[in-house]
Amino acid sequence: MKITKICCIGAGYVGGPTMAVIAQKCPDIQVTVVDLNEARIAAWNDADVANIPIYEPGLDAIVAEARGRNLFFSTEVEKAIDEAQIIFISVNTPTKTYGKGKGMAADLKYIELCARQIARVAKDNKIVVEKSTLPVRTAEAIKSILDHTGNGVQFQILSNPEFLAEGTAVQDLLHPDRILIGGDSSEEGQKAIQALVGVYSNWVAADKILTTNVWSSELSKLTANAFLAQRISSINAMSELCEKTGADVNEVAKAIGMDSRIGPKFLKASVGFGGSCFQKDILNLVYIAKSYGLNEVADYWEQVIIMNDHQKRRFSNTIVQTLYNTVADKKITFLGWAFKKDTNDTRESAAIYVADALVNEQAQIAVYDPKVSEKKVLADLDYLETRTSAQNKACVASFEDPYLACKGAHAIAILTEWDEFKEYDWKKIYDSMQKPAFVFDGRNVLNAAEMKAIGFVYHAIGS
Ligand code: UDX
Ligand code: ADP
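Summary of the structure given here. Values in this document were obtained by computation on a predicted structure and should not be read as measured data.

Here the focus is the overall build of the protein. Check the secondary structure of the protein and you find 18 helices and 14 strands. Relative to a compact globule of 463 residues, whose C-alpha radius of gyration would be 23 Å, the protein shows 23 Å and is just as compact. Counting only residues that meet the buried cut, the protein has 53% of its 463 residues in that class. Look at the contacts in the protein between residues 6 or more apart in sequence, and 75% of them connect residues 24 or more apart. About 20,700 Å² of surface is accessible on the protein, with carbon and sulfur atoms providing 52% of the total.

Take a look at the structure:
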């Protein structure tokens, strides 16, 4: 089957960049990204590509090249569904905040709404692709909805999880480690798989395109995220032990990372992992394991989250204890608010939880992040519902200039590993701060010896 029209429902951190790269690499395919959120679509269509709603290095250039040629952003969801041969579902699947599975299971209501809409609109056969990370066997539910409510047309459901990491999304999409496509073994299922393989073959080598059954594909995505998060919790657990024993976690990470069986990546101790995926996916895995009565499996993976929460709490506790057991009315400057560098995404960022804990201790928080606005910082805190918006506003302010943010501060906490923090004039910052001037480096990005030579009381993670 020759594919000429694709649509993607959901113009978020996954759908937007993924479709931009498909459009760039497949000029013969018309790619339409649709979303209910009018403001988001308007931002994707902004004449100035610097204003697209997602910051990812290199994405603006790709959008500039493909937009209007074969890449379109629209709110006309039904029209896009009707015209497309392949429909990617890339809507949000947050952790449930109500009912059975509250706080653990993935909330599939947006997925179900999408499936019902596709069923209602589709008048010819469609390939429906799960792009959002979903619990195992979601494809079955989608298929059931499509088959029972559709107009008698054939649907093939594929699972094609996205492994891109934010901040490196464009490079990950252009040079993926692998593309995973799960489908059923029927003749029609295999044809659908091959149609999608054909799309990726425009730029991905055949040996990197892996085809599996649907359940293996769905579970592989959860497993990959669980393994990655587990490595971070493992090194973070060691960081606390290092602090007690005089070992240095960076040296330990280097020493173990040189073992080719372990490998050097994802061994950076930090204030704790954030992002929209790790916590959500592990909680989901725990929920699935429990629902099959696999309590030991569930407990094993839950420990990754318990350790991560501990690491965030430990960081704020260290700040309070080091500042003579009180931060009340003290100015503490956060450098970084995003959950990692090179993204404007703040979902589950450790900064949110550390700020919340310090505001509970009546600290005054100043924030500087090169890509996150004050509006977003306050919205993140409001979302926790610890206090009212007005109360958050009275304790937290954001700055556009890092030097102003640090002026008069009692302490600086580094929450995101933005490269620019290494380039600052730290002597100038030191001179403008209250003394003793404390730095809590939650990302181990600064040079400890240099910071101490300037006069800072410098605390790193894991040493
Ligand atoms: C992750 C997966 O990497 C990606 O494959 C999947 O598709 C989505 O989830 P993402 O959350 O975008 O991607 O970023 P990632 O680079 O994995 O970082 C997640 C969090 O872990 C960040 O807060 C990051 O700062 C933290 N981290 C990462 C560490 O603390 N230490 C490390 O060594 C690596
Ligand atoms: P991700 O990081 O997984 O891409 P986001 O939350 O950034 O997730 O994006 C998901 C997008 O999906 C949101 O912009 C939301 O408005 C959109 N969305 C959710 N449900 C629907 C729907 N039924 N139709 C169209 N768009 C939807």
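This brings us to the environment of Lys-422. Counting through the fold element by element, Lys-422 comes out in the loop between β12 (411-414) and α17 (426-432). For the pair Lys-422 and Val-445, spaced 23 residues apart in sequence, the C-alpha to C-alpha distance is 6.8 Å. In this structure, Lys-422 is in contact with Val-445 and Leu-446, ignoring residues within four places of it in sequence.

This part is about the site of ligand 1. Lining the immediate surroundings of ligand 1 are 20 residues, of which Phe-163, Lys-221, Ser-270, Lys-340 and Arg-443 lie closest. Leu-267 has a polar backbone atom sitting 3.3 Å from an oxygen atom of ligand 1. For ligand 1, an oxygen atom lies 2.8 Å from a polar atom in the backbone of Lys-268. Considering ligand 1 on its own, with 660 Å² of exposed area, one finds that the protein chains cover 90% of that surface. It is helix α9 (residues 214-245) that contributes the most residues to the shell around ligand 1, four residues altogether. Along the lines of polarity and charge, the residues of the shell around ligand 1 split into eleven nonpolar, three polar and six charged.

Summed over all chains, the structure comprises 14 aromatic pairs. With a centroid separation of 6.1 Å and an interplanar angle of 35°, the aromatic rings of Tyr-424 and Trp-426 are classed as tilted. Owing to a relative accessible area of 11%, Tyr-424 belongs among the buried residues under this scheme. With 5.9 Å between their ring centres and 75° between their planes, Trp-426 and Phe-456 make a pair best called edge-to-face. Here the residue Trp-426 occupies a position in helix α17, and Phe-456 occupies one in the loop between α18 (448-454) and β14 (457-460), the gap between them amounting to 30 residues. An identical accessibility class is assigned to Trp-426 and Phe-456; each is buried. Here a set of aromatic residues connected by ring pairs shows up, and it is made of Tyr-403, Phe-421, Tyr-424, Trp-426, Tyr-430 and Phe-456. When the ring centre of Tyr-403 is taken as origin, the NZ or CZ atom of Lys-428, which lies over that ring, is 4.2 Å away. Cation over ring: Lys-435 sits above Tyr-430, and NZ or CZ is 4.7 Å from the ring centre.

With respect to the element layout, Asn-284 can be found in helix α11 (residues 278-291). Contacts of Asn-284, omitting those with residues within four sequence positions, involve Met-104, Ala-106, Leu-134, Pro-135 and Leu-222.

Before going further, it helps to spend a moment on the site of ligand 2. Taken together, 14 residues lie near ligand 2, and Tyr-13, Val-14, Asp-35, Arg-40 and Arg-347 sit nearest. The contact in question runs from a nitrogen atom of ligand 2 to an N or O atom on the backbone of Leu-36, over 3.3 Å. A distance of 2.8 Å is found between an oxygen atom of ligand 2 and a side-chain nitrogen or oxygen belonging to Arg-347. Notes on ligand 2: free accessible area 580 Å², of which the protein chains cover 88%.

On to the packing of α9 against α11, then. Contact geometry for α9 and α11: axes closest at 9 Å, N-to-C directions at 115°. Crossing of α9 against α11: the hand is left-handed. For the pair formed by α9 and α11, the contact residues are Leu-219, Lys-221, Leu-222, Asn-225, Ala-226, Leu-228, Ala-229 and Ile-232 on the first element and Phe-278, Asp-281, Ile-282, Asn-284, Leu-285 and Ile-288 on the second. Of the residues in the contact of α9 with α11, the class split is ten nonpolar, two polar and two charged.

What follows concerns unusual backbone geometry. The omega torsion across Lys-435 and Pro-436 is -5°, close enough to zero to call that bond cis. Relative to the helices and strands, Pro-436 resides in the loop between α17 and β13 (438-441). At Asp-342, a residue that is not glycine, the phi angle is positive and equals roughly 65°. Of note, Asp-342 is situated in the loop between β9 (331-335) and α13 (350-360).

Before going further, it helps to spend a moment on the nonpolar core. If you look at the biggest cluster of nonpolar residues, it comprises 60 residues, and the most contacted ones within it are Ile-332, Phe-334, Trp-337, Leu-358 and Trp-426. Considering every element that reaches this core, the biggest residue donor is α13, with seven residues. Those residues in contact with Leu-358, other than ones at most four positions away along the chain, are Ser-316, Ile-319, Val-320, Val-327, Ile-332, Phe-334, Ala-363 and Ile-365.

Nonpolar side chains collect at one region of the surface, where Tyr-292, Leu-294 and Val-297 lie side by side and expose about 300 Å² of accessible area between them. By the secondary structure assignment, Tyr-292 is in the loop between α11 and α12 (295-322). The exposed category is assigned to Tyr-292, whose relative accessible area is 57%.

Glancing now at the pairing of strand β10 (residues 364-368). Within β10, four of the five residues are buried, leaving the element largely enclosed by the surrounding structure. Across three bridges, β10 lies against strand β11 (residues 396-398) in parallel orientation. Residue pairing across strands places Val-367 opposite Ser-398, the latter belonging to β11.

Cut-offs applied
- Residues numbered from 1 in each chain as written.
- Chains lettered and ligands numbered in written order.
- Predicted model: local features only at pLDDT ≥ 70, side-chain atom pairs only at ≥ 80, totals over all residues.
- Heavy atoms only, no water.
- Helix = DSSP H or I, 4+ residues; strand = E, 2+ residues; numbered from the N terminus.
- Rg over C-alpha atoms; globule rule 2.2 N^0.38 Å.
- Buried < 20%, exposed > 50% of the residue type's maximum accessible area, 1.4 Å probe, protein only.
- Contact = heavy atoms within 4.5 Å.
- Areas by Shrake-Rupley, 256 points an atom, 1.4 Å probe, with all protein chains shown as cover.
- Near = heavy atom within 4 Å.
- Polar contact = N/O pair within 3.5 Å; in protein donor to acceptor, adjacent residues only side chain to side chain.
- Nonpolar A, V, L, I, M, F, W, Y, C, P; charged D, E, K, R; others polar.
- Phe/Tyr/Trp six-rings, centres within 6.5 Å; stacked < 30°, edge-to-face > 60°.
- Lys NZ or Arg CZ within 6 Å of the ring centre and 35° of its normal.
- Axes fitted to C-alpha atoms, helices over the stretch in contact; angles between N-to-C directions.
- Left-handed = near helix turned anticlockwise from the far one by under 90°.
- Core = buried A, V, L, I, M, F, W, Y, C linked by side-chain atoms within 4.5 Å.
- Patch = residues over 30% accessible without salt bridge, like charges linked within 9 Å, V, L, I, M, F, W, Y side chains within 5 Å.
- Salt bridge = Lys/Arg side-chain N within 4 Å of Asp/Glu carboxyl O.
- Pairing = 2+ DSSP bridges.

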